[in-house]
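Topology and contacts: notes
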Amino acid sequence: MQTPTSPQVKRLVVANWKMNPETKKEAEMLARMSVKIGTGLKRSELVICPPFPFLGLSAYMRMPKSISLGVQDVYPERAGARTGEVSLSMVKDMKARYVIVGHSERRAGGETDALVSKKARAVIAAGMRPIVCVGETSRDGDAKYLRILREQLLESLAGISKNNASTLIVAYEPVWAVGASVADDPHETAETILFIRKTLADMFSERIALTIPILYGGAVSDKNAAAFLAHAGVQGLLLGRSGRDSKQLAGIIKASELTPFPQI
Ligand code: PGA
């Protein structure tokens, strides 16, 4: 069985540019830098998630296999009378293969678990892979946050069939670490990741749960990336700020290429 730690499965390093940069010229430079860093990877795949207007940059014209494009959100329909929305067909045609769904910054703007699940199902139906974000807003001493996480997973992944579950990617992003100066402790993340995998096993099956990559996100840097990959039980990282910084991105990609795959 192919699990996220099988040698043929690549680690995912996802760079979410958020609402940056401000101009096409800067975006082109950022894309070139990312493509350079992501070229020739053996054990990792770099997923660049620019804002919609920057999906068609010339830097993406000839991308090596180790790099893919993703988007940060999508409207869960193919086309229609939806002023201001961007459809799955559009982003697919622009070569996006991944869609971040339910990022905490969107959830803070009112995106519900029900909408997250609708989007995740639509992304799968369109033949792309959803990266479904979950995470608690604060961590309490008596582990009530695990209940919140379980609830989020059950609701945000509701309606996804066992057949489709292996196309899922889950990103654990403790909200208090997103945009913060300090990340979670990788050893504590490991317990949460175990809990997430157990919940996925309850929802689908143990065998299927082992095929779903789980990423960590929230203040990942070139200093802590290797520790997360070695100790947190994750199969990749979701980056905000460090995905737009050449030194940080290069360091994180290096950690992803060099850190041995631990067993899960
Ligand atoms: P950060 O953001 O890496 O800047 O903390 C993470 C995220 O929002 O995914």
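Below is a short write-up of the structure.

Conventions we followed
Residues numbered from 1 in each chain as written. Predicted model: local features only at pLDDT ≥ 70, side-chain atom pairs only at ≥ 80, totals over all residues. Heavy atoms only, no water. Near = heavy atom within 4 Å. Polar contact = N/O pair within 3.5 Å; in protein donor to acceptor, adjacent residues only side chain to side chain. Areas by Shrake-Rupley, 256 points an atom, 1.4 Å probe, with all protein chains shown as cover. Nonpolar A, V, L, I, M, F, W, Y, C, P; charged D, E, K, R; others polar. Helix = DSSP H or I, 4+ residues; strand = E, 2+ residues; numbered from the N terminus. Buried < 20%, exposed > 50% of the residue type's maximum accessible area, 1.4 Å probe, protein only. Core = buried A, V, L, I, M, F, W, Y, C linked by side-chain atoms within 4.5 Å. Contact = heavy atoms within 4.5 Å. Phe/Tyr/Trp six-rings, centres within 6.5 Å; stacked < 30°, edge-to-face > 60°. Axes fitted to C-alpha atoms, helices over the stretch in contact; angles between N-to-C directions. Parallel < 35°, antiparallel > 145°, perpendicular 65-115°, else oblique. Left-handed = near helix turned anticlockwise from the far one by under 90°. Pairing = 2+ DSSP bridges. 1 Å grid on protein atoms, 1.4 Å probe; cavity = no way out; pocket = protein on both sides within 12 Å on 5 of 7 lines; lining within 4 Å. Points joined across faces, edges and corners; volume = space filled by probe spheres on them. Salt bridge = Lys/Arg side-chain N within 4 Å of Asp/Glu carboxyl O. Expected span 1.5 Å × (residues − 1).

Some details on the site of the ligand
For the ligand, the full set of nearby residues is Lys-18, His-103, Glu-173, Ala-177, Val-178, Gly-179, Gly-218, Ala-219, Leu-238, Leu-239, Gly-240 and Arg-241. One nitrogen or oxygen atom from the side chain of Arg-241 is found 2.6 Å from an oxygen atom belonging to the ligand. Look at the ligand: alone it shows 280 Å² of surface, and the protein chains cover 99% of it. Across the shell around the ligand, the residue classes tally to 5 nonpolar, 4 polar and 3 charged.

Some points on the environment of Leu-30
Within the secondary structure, Leu-30 sits in helix H1 (residues 24-38). Exposure remark for Leu-30: the relative accessible area of 10% places this residue in the buried category. For Leu-30 and Thr-192, which are 162 residues apart along the polypeptide, the C-alpha to C-alpha distance reads 33 Å.

Some thoughts on the nonpolar core
In terms of nonpolar packing, the biggest core is built from 71 residues, with Leu-157, Val-170, Leu-200, Phe-204, Tyr-216 and Leu-237 touching the most fellow members. Take this core: its biggest share by element is 6 residues, from H1. Those residues in contact with Tyr-216 that sit more than four places away from it in its chain are Tyr-172, Pro-174, Ala-177, Ala-183, Asp-184, Thr-189, Phe-228, Val-234, Gly-236, Leu-237 and Leu-238. Counting residues in hydrophobic clusters, the runner-up holds 12 residues, among them Leu-12, Ile-100, Ala-171 and Leu-238.

A short note on the packing of aromatic side chains
Where two aromatic rings form a pair, the distance of their centres and the angle of their planes describe that pair. Per the stated rule, a full pass over the model turns up 2 aromatic pairs. On the numbers, 4.1 Å between centres and 10° between planes, the contact of Tyr-216 with Phe-228 is stacked. Note that Tyr-216 is positioned in strand E7 (residues 214-217) and Phe-228 in helix H9 (residues 225-231), a separation of 12 residues in sequence. Exposure remark for Tyr-216: the relative accessible area of 0% places this residue in the buried category.

Here's the deal with the packing of helix H5 (residues 144-156) against helix H7 (residues 186-203)
Between H5 and H7, the shortest axis-to-axis distance is 10 Å and the interhelical angle comes to 40°. Judged by the angle between their axes, H5 and H7 are oblique. The handedness of the crossing between H5 and H7 comes out as right-handed. Packed against H5, whose contacting residues are Tyr-145, Leu-146, Leu-149, Arg-150, Leu-153 and Leu-154, the element H7 presents Thr-192, Phe-195, Ile-196, Thr-199, Leu-200, Asp-202 and Met-203 at the interface.

Considering the sheet that holds strand E6 (residues 169-172)
Strand order in this closed barrel of 8 strands is E1-E2-E3-E4-E5-E6-E7-E8, and the pairing throughout is parallel. Put simply, the sheet's adjacent strands are angled 25° from each other on average, direction ignored. Where strand E1 (residues 11-16) and strand E2 (residues 44-49) come together, 6 bridges link them in parallel fashion. Looking at E2, one finds that Arg-11 is bridged to Ser-44. Running over the sheet, helix H4 (residues 113-125) touches strand E4 (96-101) and strand E5 (129-134) and is turned about 160° from E5.

Topic: the layout of surface pockets
Taken as a whole, the largest pocket holds about 370 Å³ of empty space. Contributing to the lining of the largest pocket are 17 residues, with Lys-18, Phe-52, Gln-72, Asp-73 and Arg-106 lying nearest its centre. Classifying every residue of the lining of the largest pocket gives 8 nonpolar, 4 polar and 5 charged.

Concerning the pattern of salt bridges
Evaluated as defined, the whole model comprises 16 salt bridges. For Asp-222, the salt bridge identified is with Lys-223, shortest N-O distance 3.7 Å.

Considerations on H7
The end-to-end C-alpha distance of H7 is 25 Å, a good match for the 26 Å that 18 residues give at a rise of 1.5 Å each. Every buried residue belonging to H7 is among Pro-186, Thr-189, Thr-192, Ile-193, Ile-196, Arg-197, Thr-199, Leu-200 and Ala-201, and all of these are buried. On its buried face, H7 sits against E5, H5, E6, helix H8 (206-209), E7 and H9. Between the side-chain oxygen of the N-cap and the backbone nitrogen of His-187 there are 2.7 Å, and the N-cap of H7 in question is Asp-185.

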